[in-house]
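Chain by chain, the residues:
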Amino acid sequence: MAATDASPGGTATRGTRLIGAAAFVGVAWLVAFGLGFSPADRDQRESVRILYVHVPSAWLAYLAFVVTAVASGLYLFRRRHSLAWDRLAGASAEVGVLFMGITLVSGMLWGRLTWGVFWEWDARLTTTAFLFVTYIGYLAVRRLGGSHEQRARRSAVVALLAVLEIPLVHWSVVLWRSLHQEASVIRPDGDVKMDGLMLFTLFVGIVAFTLLYVWLVIHRQRTLTAEDALDDAGLDAAIAARRAEAVTAPEAV
Amino acid sequence: MEDAGFIIGSYVITFGAIAVYAWRVLRRSRRITTRVPDEAKPWT
């Protein structure tokens, strides 16, 4: 990207502005279809409208955690251990935790309307909560002290272990008797159990959340790059100050 | 709309949380990038 595309202070470029504008339009469409144009469900009635934010946020949280794992693997196993992969992993995990939190809260509101309770210690809800807490732990591990390389190595190991929970969450409704409904879109038999306009609204939700995810991750990853550069500059300045002290110290004695 | 409080509330919480997070990220990026030389900003 050309230097003239970027703002003097900040992480925006022409590309991120385009993605941000598209995300804004996508969210406006989602609100219009989710709250207005899509019909009420025969069984769930109006509460189905919550699912147009609940399902995309859950899928994008899964995607975010998979991206974290892939980027972590690329950091660990490639010959050149580029910290850019580590920063992508960290940015994606942070956005994933945000989306997972949204999934839990919107799911609780949907559960109150559909099941009559905000929370039930059911297999899907419990494994999702566990996944959420695991990635909060991952973010905490990233904040432990040490060099950037130490941070990248230990958080990459945690990310590669944490991602193994995702299949458990997804298949929890099949493995255990669960209050949570089974998949309506991605089903083993390939049959989609949704009305056309409902499916379209869900598709708009997926597109809007994907654009939001990409926009947020790019900005967060660039901020992490700048934070690391600032850390390095501070460390270099401290080392230079100590060297200057060491050189001047014998003269003082 | 039945249960409008829960339904609209879920949208407000969802997009409110994303907006707050985006605002914090952008504010931090503006603060940090002004203190970093251009060589450390590969996107410029």
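Each remark here, short or long, concerns the structure printed above.
Residues numbered from 1 in each chain as written. Chains lettered and ligands numbered in written order. Predicted model: local features only at pLDDT ≥ 70, side-chain atom pairs only at ≥ 80, totals over all residues. Heavy atoms only, no water.

S.K.: Where do I start with the side chain of A:H148 in this structure?
M.R.: Residues and elements named next belong to chain A. The residue H148 is located in helix α5 (residues 148-162) in this model. Using a relative accessible area of 13% as the deciding quantity, one classes H148 as buried. Sequence-distant contacts of H148, defined by excluding residues within four places in its chain, comprise L83, D228, D231 and D232. (Helix = DSSP H or I, 4+ residues; strand = E, 2+ residues; numbered from the N terminus. Buried < 20%, exposed > 50% of the residue type's maximum accessible area, 1.4 Å probe, protein only. Contact = heavy atoms within 4.5 Å.)

S.K.: Can you walk me through the layout of surface pockets in this structure?
M.R.: Empty space among the atoms becomes visible once a probe the size of a water molecule is rolled across them. Size it by volume and the second largest pocket reaches roughly 720 Å³. Along the walls of the second largest pocket sit 25 residues, with A:R143, A:R220, A:L224, A:E227 and B:R28 positioned nearest its centre. Where the lining of the second largest pocket is concerned, the elements lending two or more residues are α3 (83-114), α4 (123-142), α5 and α7 (196-252) of chain A together with α1 (4-33) of chain B. Counting residues per element, the lining of the second largest pocket draws most heavily on α1(B), which supplies seven residues. (1 Å grid on protein atoms, 1.4 Å probe; cavity = no way out; pocket = protein on both sides within 12 Å on 5 of 7 lines; lining within 4 Å. Points joined across faces, edges and corners; volume = space filled by probe spheres on them.)

S.K.: So what exactly am I meant to see when it comes to the environment of A:V173 here?
M.R.: With respect to the helices and strands, A:V173 occurs in helix α6 (residues 165-175). Linking A:V173 and A:A123, residues 50 residues apart in sequence, is a C-alpha distance of 6.9 Å.

Interpretation note: all reported values are geometric properties and have no functional meaning in isolation.
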